[in-house]
Every structure is written in structure tokens, then in C-alpha cells.
Amino acid sequence: MALLKVKFNQKKRVKLAQGLWLMNWFSVFAGILVFSMGLFLKIELRKRSEVMDNSESHFVPNSLILMGILSCAFNGFAGKICYDSLDPAKFAKWKPLLKPYLALCFFFNILIFFVALICFLMRGSLDSTLAQGLKNGMKFYRDTDTPGRCFMKKTIDMLQIEFKCCGNNGFKDWFEIQWISNRYLDFSSKEVKDRIKSNVDGRYLVDGVPFSCCNPSSPRPCIQYQVTNNSAHYSYDYQTEELNLWRRGCREALLHYYSSMMSSMGAVVLLVWLFEMSVMVGLRLLHTSLESIANPEDPECESEGWILENSLKDTLKSMLESLKKIGKFNQVEAEAAGAEGEEGGKTPAITTVS
């Protein structure tokens, strides 16, 4: 028994073809939207590539860009088929291509669904990429005179100001690295000498943070140096009062920003996938309804359209049997080739009669 069998007359076939033509062009615009989202996400990731450890995060925007291009191509082609299906003479040239095209559409829709899932599941990979990238970026904050790293200070400062964050996981991350360049240190000062000597790696570590960590909304002037030294500031206790530094780490801020963006894009791609599925189903009904016309010379006669010629169970069963036949055929060919090789390797015995 056919799956989702529907009866059509000429009027219904024309309406289905016209509706599918319109839907395909809507799908082309949806493909442009997906392409634009991928391009926008790629640009946003490129902006902060210096604080990202690897290029894995670009898998999502690259996939969206590819799906957008393929969507435009597939749906533009399908729109042409639907338009020509109104004329039997024009539709005849598309008949041999429809089955392979529908098979490609099926795999294309699987890819779209996979890309939508990836948009929701990339959070873990993005988290590790940002954690390592920010850690490395903070180490190079002081290298303003080193080629290739001279803009890292500006990048980190602008990042902390824009996203209202400080450090990798929090402001205390700055206590563990030397973020002040040696060219701005007075090595004749006893304090500087003591701090460098007290550190195993000979680094100048302070309980301070860059100015970009300061919260301008705080009524108190920013305490960015000697943050943990209560005696250095009047009426101050860093453990109890709310500091005028950004509390949130930049990893968390960026992760939230990109994750929410990818989740929104994933929801849009899922809607596009549902729309594409409906277009594919409609195209299959149109294809089968036109093929099952009993009298091609009478276009007004009724016909039947279906999604699958047999039930889902029978279709899967026949597919498995076909695969088994292909496997057996390949096995027989391999055995025959092996037998021919053995026979060819034998040297015929020659008997001489004297």
C-alpha cells in the first residue's frame, strides 16, 4: 500500500505546481538568509580570532555558507521543474532527472538537519577554544613591541570594555601573569627587585588588573592596583564589598554571546529544514501524480500521487534486499576473478612422445 496516497485532477495538479514554484522561490530567499547568517558569524569569529585557540569554531559558519549556496541552487532548479510541469511537452525532459534529484534533496535535507544540530552542540568545543585562546592572549598582553603581538593589548582591552568582562575566568587571572612590560618597570626600585626575586620564573606579578577591567558605573574611583591589599585604600575590604571591577570572565561573556547567536541560527536553520522537507514532499507528490496519468493525451484525467509506492516497512525491506543483492554480486565477481587468477597461474603439462 502506497504511503500518503492522494488523488489529483488537473486543477489540483496545477495548484500544486504553482504553490511549489512559489515555495521554492521562498526557499531560495531562505537559502540567502542562511548564507548571510554564516557570513555574519564568520566575520564575528574573525574579529576575535586572536583570542581563539584554533579554527574549529569556523566549522559552523562554513557549513551555513555551504548550505545557503546549495539551498539556492537546489530550490532554483526545483522552481524551474515546477514551472515546466504545467506544460507536458516541457516536463517530459525533466522526467529522467526527477528521481536522482529527489534522492539528492533527501540527502541535502539530512545535511541541513545535521548543521542545525551542530549549531546547538558547538558550545563545548567553543568553550575550550576560548579558554585556551584567552589564556594565550593574556600572556602576550605586555608584548607591545613584539611583531605579530603588538596589537594584543588593544584587542584584550577592547574586548574587556565591550563585553564588560575581566580576565579569562575572572579578574584574579591577571594576578598570575606579568601583564606590565619590562620597559615600564624601574629595575633600580627595591619593590620591583623584590617582586621579581620572589617569583620562581623571574616575572613581575602584581595584584592588579588593566584599566579596561574597571566598571565605569561604580561610584568609587577604580581600584585596579593592590586589589587585595585592604590597607592600601581607605575604607576598603576586597572580600566583603563589591569591587568596581568587572566580575565576569571574558570566556563566559564570549561563550554566552556566541552560543546565543548559534542557538538562534540553529532555530532558523531548523525552520528552513522543515520548509525544505515540505517542498520535497510536495515535489514528490507532483512527480508521482504526473507519472501516473493513465492517458497522457488527456491532461484533464485524474491521477494518484504518493510519497512511497509501498509502505515504509516494505520500502525498507526492499532496500535491504537490494543492498544484499549488490553485496552478493560483488562477492561472486571477486570469487570469479580469483578463480581465473588461479587457472592462469597453472602451467599446462606437455607430454612428448618419442
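All figures in this text were calculated on a predicted structure; none of them were measured in a lab. (Residues numbered from 1 in each chain as written. Predicted model: local features only at pLDDT ≥ 70, side-chain atom pairs only at ≥ 80, totals over all residues. Heavy atoms only, no water.)

Draft legend 1. Just the nonpolar core, in detail. Leu-41, Val-60, Leu-64, Phe-171, Trp-174, Val-209 and Leu-254 are the most contacted members of the largest nonpolar core, which totals 79 residues. Every element with two or more residues in this core is listed here: α1 (10-47), α2 (59-84), α4 (95-121), α5 (123-139), α6 (152-163), α7 (190-197) and α8 (250-291). If one sorts the elements of this core by residue count, α8 sits on top with 15 residues. Domain assignment of the residues forming this core places at least three in each of domain 1 (3-137 + 252-309) and domain 2 (174-247). Contacts of Val-209, omitting those with residues within four sequence positions, involve Cys-166, Phe-171, Trp-174, Phe-175, Trp-179, Gln-224 and Leu-245. (Core = buried A, V, L, I, M, F, W, Y, C linked by side-chain atoms within 4.5 Å. Buried < 20%, exposed > 50% of the residue type's maximum accessible area, 1.4 Å probe, protein only. Helix = DSSP H or I, 4+ residues; strand = E, 2+ residues; numbered from the N terminus. Domains from an automatic or database assignment. Contact = heavy atoms within 4.5 Å.)

Draft legend 2. Up close: the packing of α1 against α2. Running from N to C, α1 and α2 cross one another at 165 degrees; their axes reach a closest spacing of 7 Å. Relative to α2, the element α1 is oriented roughly antiparallel. Our pair here, α1 against α2, has a crossing hand that is left-handed. Class assignment of the residues belonging to the contact of α1 with α2 gives a composition of 21 nonpolar, 10 polar and one charged. (Axes fitted to C-alpha atoms, helices over the stretch in contact; angles between N-to-C directions. Parallel < 35°, antiparallel > 145°, perpendicular 65-115°, else oblique. Left-handed = near helix turned anticlockwise from the far one by under 90°. Nonpolar A, V, L, I, M, F, W, Y, C, P; charged D, E, K, R; others polar.)

Draft legend 3. Spotlight on the packing of aromatic side chains. In this structure the tally under the stated criterion is 12 aromatic pairs. Ring centres of Phe-106 and Phe-107 lie 5.7 Å apart, and the angle between their planes is 75 degrees; on these two criteria the pair is classed as edge-to-face. Ring geometry for Trp-179 and Tyr-225: centres 6.2 Å apart, planes at 15 degrees, overall stacked. In this pair, Trp-179 is assigned in the loop between α6 and α7 and Tyr-225 in the loop between α7 and α8, connecting sequence segments 46 residues apart. A residue is classified by how much of its surface remains accessible, and Trp-179, at 8% relative accessible area, is buried. Residue class for Tyr-225 comes out partly exposed when judged on its relative accessible area of 44%. (Phe/Tyr/Trp six-rings, centres within 6.5 Å; stacked < 30°, edge-to-face > 60°.)

Draft legend 4. The UniProt feature "transmembrane region" (unreviewed entry) in the protein, seen in detail. Within this structure's numbering, the places UniProt gives as "transmembrane region" (unreviewed entry) are residues 20-41, 101-122 and 255-275. A helix fraction of 95% and a strand fraction of 0% characterise residues 101-122, whose end C-alpha atoms lie 31 Å from each other. Taken end to end, residues 255-275 comprises 100% helix and 0% strand; its first and last C-alpha atoms sit 30 Å apart. (UniProt positions renumbered as here; feature names shortened; annotations may be inferred.)

Draft legend 5. Main features of the pattern of salt bridges. Following the criterion strictly, the structure yields 10 salt bridges and no others. One salt bridge in this structure joins Lys-153 and Asp-157, with 2.9 Å as the shortest N-O distance. Linking Lys-153 with Asp-157, this pair stays in helix α6, spanning four residues, or about one helical turn. Residue Asp-157 is classed as buried on the basis of its relative accessible area, which comes to 4%. Here Arg-195 and Glu-191 are joined by a salt bridge, their closest N and O atoms 3.7 Å apart. A residue pair is termed a helical-turn pair when its members lie 3 or 4 positions apart in one helix, as Arg-195 and Glu-191 do in helix α7 at four residues. According to the relative accessible area criterion, Glu-191 is partly exposed, its value standing at 46%. One continuous salt-bridge network, built from bridges that share partners, spans Glu-44, Lys-47, Arg-48 and Glu-162. (Salt bridge = Lys/Arg side-chain N within 4 Å of Asp/Glu carboxyl O.)

Draft legend 6. Focus on a nonpolar patch on the surface. A surface patch of nonpolar side chains, about 760 Å² in accessible area, is lined by Trp-21, Leu-22, Trp-25, Phe-26, Phe-29, Ile-32 and Tyr-83. Per element, the largest residue contribution to the nonpolar patch is six residues, and it comes from α1. Topologically, Phe-26 is positioned in helix α1. (Patch = residues over 30% accessible without salt bridge, like charges linked within 9 Å, V, L, I, M, F, W, Y side chains within 5 Å. Areas by Shrake-Rupley, 256 points an atom, 1.4 Å probe, with all protein chains shown as cover.)

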